[in-house]
Amino acid sequence: MNKLIKLSLLQFAFIGSLMAQVPLNSSLGNLKKADSKGQEFSFYTDNGITKVTIYSPTIFRIRVEKKAFTKMFSYAVVANPEICNVKTSDSKDYQMIETDSLTLKVHKNPLRFSFYTKDGQLINTDDPSFGTSWLGDQVATYKSLQPDERFIGLGEHTGNLDRRGESYINYNTDNPGYNNGSKSLYASIPFYIGLHHNLNYGLFLDNSSRTTFSFGAGNNRFTSFTAECGEMNYYFIYHKNIRKIIESYTWLTGRMPMPPMWSLGYQQCRYSYFPDADLLSTAQKFRERNIPVDMFYLDIHYMDKYKLFTWDNERFPDPAGTINKLKQMSYHLAVIIDPGVKVEDNYDVYKDGLKSDIFVKYPDGTPYQGQVWPGWCHFPDFTMPKARTWWGGWFKKYVDQGITGFWNDMNEIAAWGQDVPKLLEFNWEGQKTSYLEAKNVFGMQMARSTFEGTKKLLDGKRPFVLTRSGYSGLQRYTSIWTGDNQSNEDHMLLGVRLINSMGLSGISFAGMDIGGFSGNPTPGLYTRWMEIGAFCPMFRGHTAVYTNRTEPWAFGEIDEDIVRRYIGFRYQLMPYIYSGFYESTQNGMPVARSLAIDYATDPNIYDSKYQQQYLFGQSIMVAPCKSTEEISKIYLPEGQWFDLFTDRVYEGHQSVFTESPIEKLPLFVRAGSIVPMQKLVETTTQNAGDTLFVHIYAGQHGSRFTYYEDDGETYKFTDGNFYKRNMTFTPENKTIEFSAKEGGLASKFKTISLVFHGFEAAQLQNLAVDGKPIKTYEDNIRFFVSNFKFADYGPNDTKKIVKASFQNSNDKLNIRW
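Quick notes on the rules
- Residues numbered from 1 in each chain as written.
- Predicted model: local features only at pLDDT ≥ 70, side-chain atom pairs only at ≥ 80, totals over all residues.
- Heavy atoms only, no water.
- Salt bridge = Lys/Arg side-chain N within 4 Å of Asp/Glu carboxyl O.
- Helix = DSSP H or I, 4+ residues; strand = E, 2+ residues; numbered from the N terminus.
- Buried < 20%, exposed > 50% of the residue type's maximum accessible area, 1.4 Å probe, protein only.
- 1 Å grid on protein atoms, 1.4 Å probe; cavity = no way out; pocket = protein on both sides within 12 Å on 5 of 7 lines; lining within 4 Å.
- Points joined across faces, edges and corners; volume = space filled by probe spheres on them.
- Nonpolar A, V, L, I, M, F, W, Y, C, P; charged D, E, K, R; others polar.
- Pairing = 2+ DSSP bridges.
- Core = buried A, V, L, I, M, F, W, Y, C linked by side-chain atoms within 4.5 Å.
- Contact = heavy atoms within 4.5 Å.
- Expected span 1.5 Å × (residues − 1).
- Axes fitted to C-alpha atoms, helices over the stretch in contact; angles between N-to-C directions.
- Polar contact = N/O pair within 3.5 Å; in protein donor to acceptor, adjacent residues only side chain to side chain.
- Phe/Tyr/Trp six-rings, centres within 6.5 Å; stacked < 30°, edge-to-face > 60°.
- Lys NZ or Arg CZ within 6 Å of the ring centre and 35° of its normal.

## Thoughts on the pattern of salt bridges
Pairing between side chains of opposite charge can happen when the charged atoms of each approach one another. Scanning all chains against the criterion turns up 39 salt bridges. A salt bridge links K724 to E742, with the shortest nitrogen-to-oxygen separation between them at 3.8 Å. Of this pair, K724 sits in strand β47 (residues 723–730) while E742 is found in the loop between β48 (735–738) and β49 (751–757), placing the two residues 18 residues apart along the sequence. On the accessibility criterion, E742 (39% relative accessible area) is partly exposed. Where salt bridges share partners, they join D174, D409, E412, R468 and D484 into one cluster.

## Some details on the layout of surface pockets
Where empty space is left can be seen by rolling a probe of water-molecule size over the atoms. The space that makes up the largest pocket amounts to roughly 700 Å³. Lining the largest pocket we find 30 residues, and of these R243, Q618, R670, G702 and S703 sit closest to its centre. Those elements that place two or more of their residues in the lining of the largest pocket are α12 (574–587) and β46 (703–709). Element by element, the count of residues in the lining of the largest pocket is highest for α12, at seven residues. In the lining of the largest pocket, the residues fall into five nonpolar, 17 polar and eight charged.

## Thoughts on the pairing of strand β8 (residues 103–107)
Within β8, four of the five residues are buried, leaving the element largely enclosed by the surrounding structure. Sheet topology places strand β7 (residues 94–98) next to β8; five bridges connect them, and they run antiparallel. Bridge pairing in β8 places Y94 opposite H107. Between β7 and β8, which pair antiparallel one after the other, the connecting turn spans four residues. Judged from the five bridges that link them, β8 and strand β9 (residues 112–116) form a sheet pairing that is antiparallel. By the bridge assignment for β9, K105 is matched with S114.

## Topic: the nonpolar core
Grouped together as the largest cluster of nonpolar side chains are 211 residues, with contacts concentrated most on Y302, Y398, F535, F756 and I815. Per element, the largest residue contribution to this core is eight residues, and it comes from helix α8 (residues 435–457). In this structure F535 touches Y566, F569, R570, L573, Y614, F616, V622, L665 and L667, once residues within four positions along its chain are discounted. Among the nonpolar cores identified, the runner-up in size contains 37 residues, and I54, F60, L102 and W134 belong to it.

## A word on unusual backbone geometry
Excluding glycine, residues mostly carry a negative phi; peptide bonds, for their part, are mostly trans. Following Y271, the chain continues into S272 via a peptide bond in cis, with omega recorded as 5°. Its location among the elements puts S272 in the loop between β21 (266–268) and α3 (276–288). The backbone of F309 shows a phi angle near 60°, a positive value even though the residue is not glycine. Here F309 falls in the buried class, since its relative accessible area comes to 1%. Although it is not a glycine, D647 adopts a positive phi angle of roughly 70°. Inspection of the secondary structure assignment puts D647 in the loop between β40 (640–643) and β41 (649–651).

## Comments concerning helix α11 (residues 557–572)
At 3.6 residues per turn, the α-helix brings residues three or four places apart onto the same side. The end-to-end C-alpha distance of α11 is 22 Å, a good match for the 22 Å that 16 residues give at a rise of 1.5 Å each. Most of α11 is tucked away: 14 of the 16 residues are buried.

## Points about the sheet that holds β49
Strand order in the open sheet formed by five strands is β44-β45-β49-β53-β52, with mixed pairing between adjacent strands. Edge positions in the open sheet fall to β44 (674–677) and β52 (777–780), since each of these has one partner strand only. Direction aside, neighbouring strands of the sheet carry axes that sit 30° apart on average. With seven bridges connecting them, strand β45 (residues 691–697) and β49 associate as parallel partners. Paired with I696 across the strands is F756, a residue of β49.

## Topic: the environment of K361
Assignment of secondary structure puts K361 in the loop between α5 (348–356) and β25 (370–372). C-alpha of K361 to C-alpha of F379: the two residues are 18 residues apart in sequence and 8.8 Å apart in space. Not counting the four nearest positions on each side in its chain, K361 is found in contact with T366, P367, Y368, L424 and E425. A polar contact of 2.6 Å, which involves the side chain of K361, links it to the side chain of D357.

## Section: the packing of aromatic side chains
Under the criterion given, the structure shown has 74 aromatic pairs. Ring plane angle 65° and centroid distance 5.7 Å describe the contact between Y273 and F296, whose orientation is recorded as edge-to-face. Here the residue Y273 occupies a position in the loop between β21 and α3, and F296 occupies one in strand β22 (residues 295–298), the gap between them amounting to 23 residues. Each member of the pair, Y273 together with F296, is buried. Consider the rings of F509 and F581, whose centres lie 5.1 Å apart with planes at 75°: the pair is edge-to-face. Of this pair, F509 sits in the loop between α9 (489–504) and β33 (510–511) while F581 sits in helix α12; the two residues are 72 residues apart in sequence, bridging distant segments of the chain. Assessed through its relative accessible area of 0%, F581 is described here as buried. Here the basic side chain of K33 rests over the ring of Y44, its NZ or CZ set 4.6 Å away from the ring centre.

Set out below in structure tokens:
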């Protein structure tokens, strides 16, 4: 055999060996053995092992591994399994595991899972051929697509409300140029809700590695979720409505704490306000112009060469003095803190970090260096308890100077070059892992470290923490914003969808950069964006370096006045908003609520024209539209709806055209609603007077509103120092009931003023509180109060409201007419 033939044979053999190494799909295979202990069921198959754990009657956990399970903990899940009634039955082909709410059918050959309602309706089932499978180190679960199945949620992802036909990647990415087709952004929330045939379910994949979700993208057979490494570990949640699915998901992953009330007001930011004279003069102008605002931010230029926990002595020679001047104007200050610690021999934070041995390392023990704003930096390993404590301690100097807000940025990890080595090692609570698994939780654990450290230092007061990056469960520690958006109309509407999607995924305290981070908004775009921002959970104006100034007065007198009145209306709504955040702490319901929560089966809400509409709280529907649209087509879901400005009543389940000139954002109130308000103030600490205005909207169906107060800044409410009562409107009985108050705090409002919308004065002539008649009178609609130049919109004299006032009481109150 000549040398050429031998060489060719060797080449073919080499290529053949490479081809043999290409992994092929391998599924679990057939059941070999099964056992159980309490509410935990194990199934051993040809190619792996599966464990089913019943967490509650409506939540089943599924774990799948090739070999034995290793010890596992979760940064996301904080709940433990509840003891519940579980029944099992066995047959040749399958085993049934049943609770009072949900049935799991475990097919044996091959091992596959199908979930059913108690009356036998199929909710969700594995693809019969693939189920859970491996492709090399990747593990994926394939679920059969149901006819007309929709998918919503999945956290911070662009695209449509209904995600069917698309795929998404959970891999926290510094993506400043993102658009509506971007596959991954700054945060990963691998939880979605599926809907079909009037059935709803939630699915949470608790694997923090790079995961991919495909909702029938490129095929009409299955949905799939894939993890780059680690085990398949998902929770299946079933309820009859989406509200309960969100409640169960946030029971699993935790709920947000009560935020400080001042963080719910307007927040003003710029990259950057410096020197101190610019910050103080801008703050003063807001007060002089009577524009409500509670909080200012400092971006990276306040630091000495961008080094953490430092001040630039030329730009801010007296930080404590500057902060004290802001306090005298009733402002709070937040400062940006990135994770990168500059490598510099005479820098105390760097030296102490080395000494404390808390930095992320290569496998050879060398601390990793990545290049960011200060230059080459080390990064704390926030999966190490010691590092979290170390980090929290460095905030002492900021807290001592009077800082109460803490903004964590660049925590994806973002580094120049966008390619942090995957082989980096993390402590992972002593269990060790690589960057593959730690990347998506890095930002969340940084925010946790910031929250826990500053909470301890603030001596009983609540910190405000804001993060750009995170993972499921981040709501326990921080708010979040949608990163570096762009100043255009489409990004404004995209930001609304991102916030609503995060609300569907357990994150209530979310916002976007109002006006757009990159670029210069037109006066119309800025004004419309600020109008929408007034109805976002977090309301922050922000823009990038080298852009035009975007304080409200920068766009002219008319736009400034429009912006002033929308910000002011948010402050009038503060009793409604604060109570909405309280609800988030109790059951996970978001403040910004996609219409899919209450109207999931209405196909119109998924239409691209209407998909960004949402409820702000339980009653006010916001219909975002572009600044260039003076007439907008919107969709009104089932029921009746009041135009907030004019009280005109519309029948629901129809599309309508409504005027939307630049001064009028389309806003509607659900009939039968209760909306508590207060007088206009310019900060949340300003005295809001002694009257709570409770707006009642006529309707065929009533509602219940849980009203809540506390001191707005401390944790004394945990000791019972709060004020809470239910307000219930029952139209068929012509009654409003205020339950007896709960908690040891007295209300700050001594008088209740009922404001009736859609009622005739004659209907209320016999109005009485606990049997005692009270006087009523008619008035014009005045939401945007009269000290503004453009106080009212439209011919308000054609629609009258009826008012009646009485003394507040801690006892149960019955109002009848």
